[in-house]
Amino acid sequence: DRARKPEWLKREIPGGENYTRIKSQLRGLKIATVCEEARCPNIGECWGGGEGQTATATIMVMGDTCTRGCRFCAVKTSKAPPPLDPDEPVNTAEAVATWGVDYIVLTSVDRDDLPDQGSYHIAETVRQLKLKNPSLLVEALVPDFQGDLECVERVAKSGLNVFAHNLETVERLQKHVRDRRAGWEQSLGVLAHAKKAGAHLTKTSLMLGLGEQPEDIQAALEALRANDVDVVTFGQYMRPSRKHMAVAEYVTPEGFAHWQKVAEGLGFRYVASGPMVRSSYRAGEFYLKAMIDKDKEAQLA
């Protein structure tokens, strides 16, 4: 991991009027974003917006401290995080309403310390977002809820448009990359049950550069399609610090293009694949918005 990062992984330092305004508002309302907590390289692009583009942010609810300790993740961890803020669902909805966005991604830390894994809080945040702006499209990127299907169903039926849960890596590397409480079959089960419970679209993300082999990725994609997952994204694993697991490989843009073609050939409705792609990324969000709007028109026809 001491090798220099390739040119295609370099990004401009974030800044600009939109970026500063969103950051200030988030601080005032004590709202955390995964953009900051996970040190996303695209923060300047997504928050900064630009001509003809809407600035977006991925809101992280239930605090900034996770009960799990995955080897790739920069989010803080604790066995006993602070209690949930009961005002957070309403505060989040009010903040998002002032941004004027039409697609928002809601994510969260894992809260294994709570009886319902935080599923009520996530579902209530989705409901408040929709109450404030019924036309807002909401994607919820959620934990595995320890495989509790009642929690999965609660969130899937909350009114969201996209139910997302990340497998993070291929089956063979799960134990090396994710917290021991996470697992391949458990996560696949979450995605499958969400679709059965009525989620319109299901989505997951895989990081590349962790030591996976082509046959691992192929098998992962086939398993996802077998469980009716609609959307998959691929991005380069970036080591947050020396405490985290090392990068095994910097996958080339051509490598990402190859897996995009393979995934599209397997029938995924949308695939985003590139070194800087993250599970929540503006370009993908607006493609998904167009797809959801088209599906709604088809239902009304």
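Before reading further, recall that the structure is shown in the block above.
Residues numbered from 1 in each chain as written. Predicted model: local features only at pLDDT ≥ 70, side-chain atom pairs only at ≥ 80, totals over all residues. Heavy atoms only, no water.

A. Quick look at the overall build of the protein chain. From N to C terminus, the protein chain includes eleven helices and ten strands. Going through the 301 residues of the protein chain one by one, you find that 55% of them count as buried. Counting only contacts in the protein chain whose residues sit at least 6 apart along the sequence, the fraction spanning at least 24 positions is 76%. Working note: accessible area of the protein chain is about 13,900 Å², and carbon and sulfur atoms make up 51% of it. (Helix = DSSP H or I, 4+ residues; strand = E, 2+ residues; numbered from the N terminus. Buried < 20%, exposed > 50% of the residue type's maximum accessible area, 1.4 Å probe, protein only. Contact = heavy atoms within 4.5 Å. Areas by Shrake-Rupley, 256 points an atom, 1.4 Å probe, with all protein chains shown as cover.)

B. Examining the pairing of strand β5 (residues 103-108) more closely. Of all the six residues making up β5, six are buried; the element is thus mostly covered by neighbouring parts of the structure. On β5, burial covers both faces: Tyr103, Val105 and Thr107 on one face and Ile104, Leu106 and Ser108 on the other are all buried. As judged from the five bridges shared by β5 and strand β6 (residues 137-141), these two strands associate in the parallel manner. Residue pairing across strands places Val105 opposite Glu139, the latter belonging to β6. Crossover connection from β5 via helix α5 (residues 119-132) to parallel β6: handedness right-handed. (Pairing = 2+ DSSP bridges. Right-handed = clockwise from strand over helix to strand, strands pointing away.)

C. Summary view of the pattern of salt bridges. For the coordinates displayed, the defined rule picks out ten salt bridges. Two residues, Arg172 and Asp216, come together in a salt bridge whose shortest N-O distance is 2.7 Å. Of this pair, Arg172 sits in the loop between β7 (162-164) and α7 (174-177) while Asp216 is found in helix α9 (residues 214-226), placing the two residues 44 residues apart along the sequence. By relative accessible area, which is 46% here, Arg172 ends up partly exposed. In the salt-bridge network here, residues are joined through shared partners; they are Lys195, Asp228 and Asp230. (Salt bridge = Lys/Arg side-chain N within 4 Å of Asp/Glu carboxyl O.)

D. Structural detail: the side chain of Asn166. Along the chain, Asn166 turns up in the loop between β7 and α7. Classification of Asn166 by relative accessible area gives buried; the value is 9%. A distance of 3.1 Å separates a polar side-chain atom of Asn166 from the backbone nitrogen of Ser205. (Polar contact = N/O pair within 3.5 Å; in protein donor to acceptor, adjacent residues only side chain to side chain.)

E. Representation of the nonpolar core. By size, the foremost hydrophobic cluster in this structure holds 31 residues, and its most contacted members are Val96, Ile104, Ile122, Leu129 and Phe163. Looking at this core, the elements with two or more residues in it are β2 (58-61), α4 (88-99), β5, α5, β6, α6 (149-156) and α8 (184-196). When residues in this core are grouped by element, the largest group, four residues, is from α6. If sequence neighbours within four positions are ignored, Ile122 has contacts with Val61, Met62, Leu106, Ser108, Val142, Pro143, Phe145 and Val155. Counting residues in each nonpolar core, the second largest holds 30 residues, with Leu167, Leu221, Val229 and Val251 among its members. (Core = buried A, V, L, I, M, F, W, Y, C linked by side-chain atoms within 4.5 Å.)

F. Structural view of the packing of aromatic side chains. With the rule as written, the count across this model stands at zero aromatic pairs. Stacked on the ring of Phe268, the Lys or Arg Arg225 has its end atom at 5.4 Å from the ring centre. (Phe/Tyr/Trp six-rings, centres within 6.5 Å; stacked < 30°, edge-to-face > 60°. Lys NZ or Arg CZ within 6 Å of the ring centre and 35° of its normal.)

G. Focus on the pairing of strand β9 (residues 231-236). Buried residues dominate β9, accounting for six of its six residues. Taking every second residue as pointing to the same face, both faces of β9 are buried, with Val231, Thr233 and Gly235 on one and Val232, Phe234 and Gln236 on the other. Sheet analysis places strand β8 (residues 201-208) next to β9, joined by six bridges and oriented parallel. For Met207, the partnering residue across the bridge sits in β9 and is Gly235. On the question of chirality, the crossover connecting β8 to the parallel β9 by way of α9 is right-handed. Strand direction decides the pairing type here: β9 and strand β10 (residues 270-273), joined by four bridges, are parallel. Each residue of the ladder has a partner; that of Phe234, found in β10, is Ser273. A crossover links β9 with its parallel partner β10, the connecting element being helix α10 (residues 253-265), and its sense is right-handed.

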